[in-house]
Amino acid sequence: MARTITVGLDGSLESRAAAEWAAREAALRRVPVRLVHVWQPVPEPMAQAPLLGAETHQHWTERIPREAAEGLALRHPGVDVTTEQRAGVPADVLLEAARDADLLVLGSRALGGLTGFLIGSVGQSVIARAETPVVLVRAGEQAADEHVKDPSGIPSAATGFRPVVVGLDTGRPDEAVLAFAFEEARCRGAALTALRVWNLPSSYAYSVAAGWDPREELARAQAEALTEALLPWREKYPDVRVTEESRLGSPASHLVEAARDASLVVVGRRMRRNPFGVHIGAVTHAVMHHATAPVAVVAHD
């Protein structure tokens, strides 16, 4: 199948925001968008009800993707938009649809205040199992939100993109995560911020007690490891301006903070093919729920 961006669509505000983001991304990549709406058969008691019967339900399930596609075609005339309806369990259907896509885009909704965002059970199940990169988009996300403010201080889609931020583990950097982040920065003509957050080893207290504080030496070693990990990617993407940041503290907190000024945050998820459950990872889980920018979760071995 031709390269495509697939969107999980259910008619909600967050899924509409996801579809808009996907259309903008498709224009950058020059690929089509496919809106996948999962149709769940009406239970027998509902099918017998005159106002909530199977025909009425089918009418609305057909109307949702059709109207969404018509709207995207008007707002993004250069993007090829198709729709597809499938029946079944939503998470399983979306995982199947993502297998032949470059990217799967889902929506999430705000909980309000400082509590973060709600990733529904379908979204979490898909992210925890998908091998295709998955992007989470917040309800209400606008094109201008990904761009720097204009000279008058007003957000504008006419300005350049904000940086792409990637969280990096220099102890085991993964090529899939870095490749995705660099390619996203290249498509946007944006800078890339590579963020490595580290913690003091358990032996730190003993070193201090012995009269030696190794913090400066540890910081230098972490910064050097980050530079080394990025070197081949700088050579592969010479047009991408890279900022290296090595910080001490909580990885999730620093990534969430960096997301405030980012157009996209890229994090990894280690694939664990365990039949007894799924695993997202504490840092990725926190970023998914609290980062204000769209979040790309890239699975890797």
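Throughout what follows, the structure given in this document is the object of discussion. No experiment lies behind these values; they were computed from the predicted model shown. (Residues numbered from 1 in each chain as written. Predicted model: local features only at pLDDT ≥ 70, side-chain atom pairs only at ≥ 80, totals over all residues. Heavy atoms only, no water.)

### So, the overall build of the protein
Working step 1: Helix and strand content of the protein: 10 helices and 11 strands.
Working step 2: Here the protein holds 301 residues, and the buried ones make up 46% of them.
Working step 3: For the protein, restricting intrachain contacts to residue pairs at least 6 apart in sequence, the fraction spanning at least 24 positions comes to 76%.
Working step 4: Carbon and sulfur atoms form 54% of the exposed surface of the protein, whose accessible area is close to 15,500 Å². (Helix = DSSP H or I, 4+ residues; strand = E, 2+ residues; numbered from the N terminus. Buried < 20%, exposed > 50% of the residue type's maximum accessible area, 1.4 Å probe, protein only. Contact = heavy atoms within 4.5 Å. Areas by Shrake-Rupley, 256 points an atom, 1.4 Å probe, with all protein chains shown as cover.)

### Overview of the nonpolar core
Working step 1: Of all hydrophobic cores here, the largest spans 44 residues; its most connected members are Leu 35, Val 105, Phe 182 and Val 266.
Working step 2: Sort the elements by how many residues they give to this core and helix 1 (residues 13–29) lands first, with 7 residues.
Working step 3: Judged by nonpolar contacts, the second largest core, of 33 residues, contains Ile 127, Val 265, Val 287 and Val 295. (Core = buried A, V, L, I, M, F, W, Y, C linked by side-chain atoms within 4.5 Å.)

### Digging into the packing of helix 6 (residues 175–188) against helix 8 (residues 215–236)
Working step 1: In the contact formed by helix 6 and helix 8, the axes pass within 11 Å of each other and the chain directions differ by 45 degrees. By the criterion of interaxial angle, the relationship of helix 6 to helix 8 is oblique. Seen from above, helix 6 lies across helix 8 with right-handed handedness. Within the contact between the two elements, helix 6 uses Glu 175, Leu 178, Ala 179 and Phe 182 and helix 8 uses Ala 229, Leu 230, Trp 233 and Arg 234.
Working step 2: Counted by class, the contact of helix 6 with helix 8 contains 6 nonpolar, no polar and 2 charged residues. (Axes fitted to C-alpha atoms, helices over the stretch in contact; angles between N-to-C directions. Parallel < 35°, antiparallel > 145°, perpendicular 65-115°, else oblique. Left-handed = near helix turned anticlockwise from the far one by under 90°. Nonpolar A, V, L, I, M, F, W, Y, C, P; charged D, E, K, R; others polar.)

### Quick look at the pattern of salt bridges
Working step 1: Scanning all chains against the criterion turns up 19 salt bridges.
Working step 2: Notably, a salt bridge pairs Arg 24 with Glu 146, separated by 2.9 Å at the nearest N-O pair. You can see Arg 24 sitting in helix 1 and its partner Glu 146 sitting in the loop between strand 6 (134–138) and strand 7 (164–167), a full 122 residues away along the chain. An identical accessibility class is assigned to Arg 24 and Glu 146; each is buried.
Working step 3: Beyond isolated ion pairs, a larger network of salt bridges with shared partners links Arg 24, Glu 25, Arg 29, Glu 146, Glu 184 and Arg 188. (Salt bridge = Lys/Arg side-chain N within 4 Å of Asp/Glu carboxyl O.)

### Regarding the packing of aromatic side chains
Working step 1: In this structure the tally under the stated criterion is 2 aromatic pairs.
Working step 2: Geometrically, the ring pair formed by Phe 182 and Trp 233 is stacked, given 5.9 Å between the ring centres and 25 degrees between the ring planes. Of this pair, Phe 182 sits in helix 6 while Trp 233 sits in helix 8, placing them 51 residues apart in sequence. Pair check on accessibility: Phe 182 and Trp 233 agree, each one buried.
Working step 3: The structure contains a cluster of three or more aromatic residues connected by ring pairs, namely Phe 182, Trp 233 and Tyr 237. (Phe/Tyr/Trp six-rings, centres within 6.5 Å; stacked < 30°, edge-to-face > 60°.)

### Description of unusual backbone geometry
Working step 1: With phi around 60 degrees, Arg 30 is a residue other than glycine that occupies positive phi space.
Working step 2: With respect to the helices and strands, Arg 30 occurs in the loop between helix 1 and strand 2 (33–39).
Working step 3: Arg 30 sits in the exposed class, given a relative accessible area of 78%.

Geometric descriptors of this kind do not, in isolation, establish any biological role.
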